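Fold and contact review
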Amino acid sequence: MATKAEEPTSAPANKNTEAGEHEAVPEETDPVADALVTLTIVLPDPDAEKIQIPVSTQEQVHEIRQSIIDLPSALRYTCFHLEHNGQKINDFVPLSEIPDLGTEPEFRVVQDPYTEKEARIHLVRIRELIGAAGDRTDTTQGVLSGASLFETVTHDAQQQANAEQAQSPVKDYDFAAAPSLTSLVPMFTGTPPKTVKTISLSPWNPPPPHLRQRGHLLYLLVGTNEGEQYQITAHVSGFFVNKSSNAKFDPFPKPAPKAAAAHSLLDLLPQISASFAETFAQLQEHSNSRDPLATFQISNAIPASPWAVPAPTSSLCTHVPDATRPQEPYLLSGVDNQDTLRDWNEEFTSAKELPKESVQDRVFRERLINKLFADYNDAAVRGAVMIARDEIPPLNPTECRDAQIFVYNNIFFSFGADGVGTFTSEGGDDAARVATGKDIAGVQLVNQLDIDGLYTPATVLVDYLGKRIVAQSIVPGIFRQPEPGESQIDYGALDGKDAVAADERFTEVFATLSKSLRVKKHPVWDKEGKRFDLEGSVETKGLMGTDGRKYALDLYRITPLDINWLEEDDDEDDESTTYPHRMTVLRPELIDIYARFKMRQFVNEELARNGVSNDNKAKVEDAAEEGEESAEAKAAKQKEDEEAKAKTQEAVSKFKFALNPDAFSGQQPKTDEEKAEWAEDEKNVRAVGQYLRDNIIPELLKELTESDISFPMDGQSLSRLLHKRGINVRYLGTIAWLCTDDRLACLRELCIQDMITRSFKHVAAKYLRALPVFATTACVAHLLNCLLGHQLNNKPAAVVDESLKGLYPDADWSFEKVTPESLREEIEAQALKRFRHELEGKWYNFTRPNQQLREVCLRLGIQLEARDYSYTAAQSTEEPQAENKPETTKTSGQANGQADGKKKKKSKAREASPAKPAASAARTTTFIPDDIVDIVPVVKHSCPRSALAEEALEAGRLSLMQGQKKLGQELLLESLSLHEQIYGILHPEVARVYNTLSMLYYNLDDKEAAVELARKAIVVAERTVGVDSAETLLNYLNLSLFLHQTGDSKNALVYTKHALKLWKIIYGPDHPDSITTLNNAAVMLQHVKGYHESRLWFEESLRVCESVFGKQSVNSATLLFQLAQALALDHDSKAAVNRMRESYNVFHAELGPEDKNTKEAETWLEQLTQNAVSIAKHAKDAQAKRIRSGIRFPTSASSGVVEPAAVRTASQVDSRSVDELIKFIEGGDQQSKPSKKRPAQGNPKRRGRAAN
């Protein structure tokens, strides 16, 4: 809507709107009365000051230990234990269990002797501290993973502010300019100071046996900045310089005066390098100058990998020599990887069995589970990448490729394909691929339910180089060969569906699961016709592990089939239009929505039958009407409310709703009673699918048409919106077909774009999966040329090194034969088959190629070099000119008038991501293989969200809604603390809670806290979700609004400008929700007295609004109203009158003459008209006076258009006869603010407050 979103914008989140579910939460999540103690830490250094830290008695000692390691004064200590009253403290007990603790305990840090493992850990730690670790080449996370642009944007703002105090941050903003992809690359922050040249393992490693017996652990080699080289021995007692050289082995201490020894390397290095102390201090200063959130390592989440990255030659990607880089696997994991070899399943199941009675129990349990999932996801992704690159041998090498299985790092891997024929009747490889995606969603759902006694294998899904790989923790007994007559599966289908097992031990836990998932207990039959009553789908299996635990497997069919979709196939014999598989299950969200719908129906019917008597109702209503609020009337009303509430609760308790997940799946009931029950089950399932079509989708389109909800911006936000409403992505074609209203043009475009992207993904995967790794960049570049670059070169040729093709006789090189025409045919076929949508016209001539490119890259994990790609011959001829004139290609669309500081900053950014003019001039295609910098895995995981943290957040919201402000704020702070404790700081869920809390604090009028939380939300979202994600954009918009409300409109405009740049990259120009952002920016410009720029931004907002809603809409009328005021402020009286007249006419036609908007517009029209007449009369008199005195001015000076002379003339007239705004126009300075609020109050469609 034209005036929407002037309230903070909410990022997508799962919200529970039923307050009744949270009534008991405040008591549960209210901060426990943990004793807070002040802990004094005494370091081994006698000169060091004692450190005091406040801690909770519920904290574990190892957490205190980690806090000490992170303290600036204790950086050197890694190998130590803590003592209290002379007694060593166990690291894994809470403080409360330490005897005689007191309120101010003193812990002493006591250094321990090193082991080889501790020495390795110390070396890794010190290398990172002193900046000697160099760059790491990560095989799974790609280039610049976890990058942030916030520092770059803030730096730009500071540079501009320092250069030109008076200039507007958006001066000469070009609304039509497309941002350069280089603007997605962060600035180069400079090379940190070097403290040492090298520090690595010595070639004399490992110590020989006789010296190992004497305490030698490792030998190190240190090269100092002075050019000296030292051999160092890591001993159980610490580190010392030895007498070895590159040619002679003598690992014993050097004699005085060259002797040097210390317990920590950080203390040894200053003894051998005179410059170390100074350079280390400079390094710390360099590190402290950056935002900690932008530099901390991401350890509890998967970092976001940007799709547009700097060139390999960029300063940001410099590959420096580091002798220790290839040694890191040994340093981190030990010999034979023993340190990181973990029994994942045992760790997960043991963590799940931890107590959860108290809040602290739940915090510890959920934090441990989240950390386990983070470690497991990282290990699983690394293993999957190695398998896709053929670096791990299969357990069954004689099987076909799709049937091969792997075990690596105690994780079981398999391909998401139908290698053994399990899904032959369901659709083969397509069905198997979908089943793996549904399975991981089912596993995550079961993990979220957290049912006691029911376990699932930790599951990760990795899409990489066209292959889908499933990683699962190994369930004990899964590889056990069953005895003859026995079965490996204890519950569910065996051998397809020929046999069924129904072990009673699983009945209870599966019944609990089914109740939560609204699954009906139902009969199934084996091939002999024997009946089994199962609590879940026959496809869902139960396995009793050899550890005695019950495991749920194959959770891809926890909801019924969407039979309505399957039955729509017109011609099942025509494979070109038949849906590729039968795994068309309904979404769990849809089941929940439909269940709530049926419950409302049921409750209303029950209340209609057993409601409060009409007599009582009439008495209460009469008393209210007569104003006789007597005690009797109040009591009667209260009693009636209590009775209604009790009856509602009683009706809800009677309601039952469950679906048969095996309906329409081939089961054959035997008796008439069974057939009748089955028919009823099928009827219910069919009704849910029909409800989706008849209610859910139309309601969504209606809400979007009326702008009750925000429009999605890209494929990811579109998927989130559909999934939240229970709509499967296969309905994209249906939604696009239903988008007939012009207001839904944005949604239609996004649906078509997403269908093309998903279809291209399937086509590309077909060509990529059979290629060697070295050829994947050539394949991707060729396919992108066929999709997006055909207007530049309609006959692109794949660039492959022919000399290497002969090394891979089994590879499939068919991608070389792909042409733009054949690719279009394949995409059209996929879209028709998967979405039942026929791509019409010349859909392949993309009007938004960069946006299509972004979608494809994100979907396939492609990292492209950030540069301005030429999609047409015209762009190709323009490109060298643009590169020669960088000032004309500013990402913000600025043309001239930039500050010197800004230009310097931009030149730095270009140095970080240099353009390549020579290559551009020689290009014959849009993309070349070198443009594909990397391909990263696309990952889905099964980690559940923290129930405890979400409960506290919902309880805080509920308290605020009930007016309990103090309790609400306490709960919000508790929720924030819980999120940070459980997830760590750098996690997508923490970014979302920062954003949510910033809006809540904004509404509580604590704007400073709102600004700080909004800043954090931006950085964390950029690093974990993406620098150009829709969530990040919304966070920038919120920050700009909060800053404006604190009076910092200039910086607010900087972040608004960046958000608009992101919007152009994500969606392109003219997104419906950008209307409000443009409108808000215009109001901000008025606050910094940028009246002319403000007018231009109002005009752009109006243009977009009219293109979306039409010229005769109330939204357009509201913007006309505001534009008229802006024109008056800009001294264009004639245009102001015309715009206000247009606004009045629309209000009059749409809302009627009596509406307050119409009346207010009429009042303003009269005042502006009077003022325009007065100005014109005065200008005419002034001109006549000049003529009489012999002075002539151009006639335009008297027109009221913005010219300096006219402004000076108009500002002197008629200031006594107009209201507040007119006074301001005519020279007043303080009266404009109240007038800006008037249109906001007058527009009935307005849902937010203006940025006034």
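Residues numbered from 1 in each chain as written. Predicted model: local features only at pLDDT ≥ 70, side-chain atom pairs only at ≥ 80, totals over all residues. Heavy atoms only, no water.

Here five strands make up an open sheet; going across it, the order is β12-β13-β16-β15-β25 and the pairing antiparallel. Strands at the two margins of the open sheet, each flanked by one partner only, are β12 (405-408) and β25 (938-941). Taking the axes of each pair of neighbouring strands and ignoring which way they run, one obtains an average angle of 20° across the sheet. Where β12 meets strand β13 (residues 411-415), four bridges bridge the pair, whose relative direction is antiparallel. (Pairing = 2+ DSSP bridges. Helix = DSSP H or I, 4+ residues; strand = E, 2+ residues; numbered from the N terminus. Axes fitted to C-alpha atoms, helices over the stretch in contact; angles between N-to-C directions.)

With that settled, the discussion passes to the sheet that holds strand β4 (residues 87-88). Pairing in this open sheet of five strands is mixed, and the strands run β2-β1-β5-β3-β4 from one edge to the other. Both edges of this open sheet fall to β2 (51-56) and β4, since each of them pairs with a single strand only. In this structure, strand β1 (residues 36-42) lies alongside strand β5 (residues 106-111), joined through three bridges in parallel fashion. Along β5, the bridge assignment pairs I41 with F107. Sheet strands touched by helix α2 (residues 61-69): β1, β2, β3 (80-84) and β5. Its angle to β3, the strand with the most contacts, is close to 115°. (Contact = heavy atoms within 4.5 Å.)

Sequence positions flagged by UniProt for "repeat: TPR" (unreviewed entry) are, in local numbering, residues 991-1024. The span residues 991-1024 carries 91% helix and 0% strand; its end-to-end C-alpha distance comes to 8 Å. (UniProt positions renumbered as here; feature names shortened; annotations may be inferred.)

With that out of the way, let us pick up the environment of T819. On the secondary structure map, T819 appears in the loop between α23 (802-805) and α24 (820-835). What makes T819 partly exposed here is its relative accessible area of 32%. Sequence separation of T819 and H782 is 37 residues, and the distance between their C-alpha atoms is 8.9 Å. (Buried < 20%, exposed > 50% of the residue type's maximum accessible area, 1.4 Å probe, protein only.)

Here we come to the nonpolar core. Residues F760, L853 and W1097 are the most contacted members of the largest nonpolar core, which totals 214 residues. The element contributing the most residues to this core is helix α21 (residues 745-768), with 12 residues. Once residues within four sequence positions are removed from consideration, F760 is found in contact with L783, L784, L787, L823, I827, V856 and L860. Listed in part, the 33 residues of the second largest apolar core include L123, I199, L218 and I232. (Core = buried A, V, L, I, M, F, W, Y, C linked by side-chain atoms within 4.5 Å.)

The next subject is the pattern of salt bridges. On inspection of all chains with the given rule, the structure shows 66 salt bridges. The salt bridge partner of E535 is K521, with a shortest N-O separation of 3.9 Å. Here the residue E535 occupies a position in the loop between β20 (531-534) and β21 (541-544), and K521 occupies one in the loop between α13 (507-517) and β19 (522-525), the gap between them amounting to 14 residues. Residues joined in a network through salt bridges with shared partners are K352, K356, R365, D450 and D452. (Salt bridge = Lys/Arg side-chain N within 4 Å of Asp/Glu carboxyl O.)

A separate point is the packing of helix α35 (residues 1074-1087) against helix α36 (residues 1091-1109). One way to put it is that α35 packs onto α36 with a least axis distance of 8 Å and a crossing angle of 165°. As summarised for this structure, α35 and α36 are arranged roughly antiparallel, according to the angle between their axes. In the crossing of α35 with α36, the sense of the turn from one axis to the other is left-handed. On α36, the residues that touch S1074, I1075, L1078, N1079, A1081, A1082, V1083, L1085 and Q1086 of α35 are Y1091, E1093, S1094, W1097, F1098, E1100, S1101, V1104, C1105 and F1109. (Parallel < 35°, antiparallel > 145°, perpendicular 65-115°, else oblique. Left-handed = near helix turned anticlockwise from the far one by under 90°.)

A few words now on the confidence of the model for the protein. Mean pLDDT for the protein: 85, with 85% of residues reaching 70 or above. In this model, residues 10-33 is a region of pLDDT below 50 whose contacts with residues beyond four sequence positions or in other chains number 39 contacts. pLDDT under 50 marks residues 623-628. Its contacts with residues more than four places away, or in other chains, come to four contacts. (pLDDT = per-residue confidence, 0-100.)

Two measures describe an aromatic ring pair: the distance that separates the ring centres and the angle between the ring planes. Under the definition given, this model contains 36 aromatic pairs. Between the aromatic rings of F348 and Y376, the centroid separation amounts to 5.6 Å while the plane-to-plane angle is 85°, which identifies the pairing as edge-to-face. Taken together, the positions of F348 in helix α10 (residues 344-352) and Y376 in helix α11 (residues 359-388) put the pair 28 residues apart, joining distant regions of the chain. Using a relative accessible area of 10% as the deciding quantity, one classes F348 as buried. (Phe/Tyr/Trp six-rings, centres within 6.5 Å; stacked < 30°, edge-to-face > 60°.)

To continue, consider the side chain of R848. Here R848 lies in the loop between α24 and α25 (849-860). A polar atom in the side chain of R848 sits 3.4 Å from the side chain of Q753. The residues touching R848, leaving out its near neighbours within four places in the chain, are E749, Q753 and Y1067. (Polar contact = N/O pair within 3.5 Å; in protein donor to acceptor, adjacent residues only side chain to side chain.)

Now for α25. Here α25 spans 16 Å end to end across 12 residues, near enough to the 16 Å set by a 1.5 Å rise per residue. α25 sits mainly inside the fold: nine of its 12 residues count as buried. Among all positions in α25, only P849, Q851, Q852, L853, R854, E855, V856, C857 and L860 are buried. (Expected span 1.5 Å × (residues − 1).)

Before going further, it helps to examine helix α30 (residues 965-983). With 19 residues, α30 extends 27 Å between its outermost C-alpha atoms, agreeing within 8% with the 27 Å of an ideal straight helix rising 1.5 Å per residue. Among all positions of α30, only G968, L971, L972, E974, S975, L976, L978, H979, I982 and Y983 are buried. Within two residues after α30, G984 carries a phi angle of roughly 85°, on the positive side.

What follows deals with the environment of L771. Locating L771 in the fold gives a position in the loop between α21 and α22 (776-788). Classification of L771 as buried rests on a relative accessible area of 7%. Put simply, L771 and D810 are 39 residues apart on the chain and 8.8 Å apart in space, counted from C-alpha to C-alpha. If we skip the residues at most four places from it in the chain, L771 touches C779, D812, W813 and F815.

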